[in-house]
Amino acid sequence: LAKSSTINARVSVKIVNQQGRPIANAVVKGRWSGAFKGALNQRTNKSGIVTVASNSVSFRKGRGASGTFTIENISARGYEYAPEENTQTIATSSW
């Protein structure tokens, strides 16, 4: 990285049922916090995946920070969201 530049983060979320099969068209809601800002409210593709990128933030050499993405809710017809069964609910990136 240069002395001063910008960075962003990208998170992909895969939604599967109890048998591990992807759930298409599930609505995933989540939010960035920390250095990153923004929200996600999108549907998964046919593979059960949705990807969200954060905003760009300034990065200055020698100064660290972190940004976190948190899943807030998932909804899909015929399913009930059970957050305790998530493999991961929060992803944090630090630099």
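Residues numbered from 1 in each chain as written. Predicted model: local features only at pLDDT ≥ 70, side-chain atom pairs only at ≥ 80, totals over all residues. Heavy atoms only, no water.

**Quick notes on the nonpolar core**
Residues Val13, Ile15, Trp32 and Phe69 are the most contacted members of the largest nonpolar core, which totals 19 residues. Residue assignment for this core shows that the elements contributing at least two residues are strand E2 (10-14), strand E3 (27-34), strand E5 (49-53), strand E6 (57-60) and strand E7 (66-75). Considering every element that reaches this core, the biggest residue donor is E7, with 3 residues. Contacts of Ile15, omitting those with residues within four sequence positions, involve Arg21, Pro22, Ile23, Ala26, Val28, Thr44, Gly48 and Ile74. (Core = buried A, V, L, I, M, F, W, Y, C linked by side-chain atoms within 4.5 Å. Buried < 20%, exposed > 50% of the residue type's maximum accessible area, 1.4 Å probe, protein only. Helix = DSSP H or I, 4+ residues; strand = E, 2+ residues; numbered from the N terminus. Contact = heavy atoms within 4.5 Å.)

**Quick look at the environment of Gly78**
If you trace the backbone, Gly78 turns up in the loop between E7 and strand E8 (90-94). Classification of Gly78 by relative accessible area gives exposed; the value is 76%. The spacing of Gly78 and Arg43 is 35 residues in sequence and 15 Å in space, taken between C-alpha atoms.

**Here we look at the packing of aromatic side chains**
Summed over all chains, the structure comprises 2 aromatic pairs. For the pair Trp32 and Phe36, a centre-to-centre distance of 5.4 Å together with 75 degrees between the ring planes defines the contact as edge-to-face. Of the two residues examined, Trp32 and Phe36, each falls in the buried class. A connected cluster of aromatic rings, assembled from ring pairs, spans Trp32, Phe36 and Phe69. (Phe/Tyr/Trp six-rings, centres within 6.5 Å; stacked < 30°, edge-to-face > 60°.)

**What to know about the sheet that holds E7**
Read across the open sheet, the 4 strands follow the order E4-E3-E7-E8; overall the sheet is antiparallel. Edge positions in the open sheet fall to strand E4 (39-43) and E8, since each of these has one partner strand only. Across the sheet, the mean angle separating the axes of adjacent strands is 20 degrees when strand polarity is ignored. Here E3 pairs with E7 via 8 bridges, running antiparallel. Within E7, the residue paired with Val27 across the bridge is Ser75. (Pairing = 2+ DSSP bridges. Axes fitted to C-alpha atoms, helices over the stretch in contact; angles between N-to-C directions.)

**Some remarks on the confidence of the model for the chain**
This prediction gives the chain a mean pLDDT of 90; 96% of its residues lie at or above 70. The lowest-confidence element of the chain is strand E1 (residues 4-7), averaging 77 in pLDDT; the highest-confidence one is E3, averaging 95. (pLDDT = per-residue confidence, 0-100.)

**What about the environment of Asn25?**
You can see Asn25 is positioned in the loop between E2 and E3. A relative accessible area of 48% means that Asn25 is categorised as partly exposed. Taking the C-alpha atoms as reference points, Asn25 and Trp95, 70 residues apart in sequence, are found 34 Å from one another. Not counting chain neighbours up to four residues away, the residues in contact with Asn25 comprise Arg43, Thr44 and Asn45.

**Some points on the pairing of E7**
Along a regular strand, successive side chains alternate from one face of the sheet to the other. The pairing of E7 with E8 spans 5 bridges and is classified as antiparallel. Bridging from a neighbouring strand, Gly67 pairs with Ser93 of E8.

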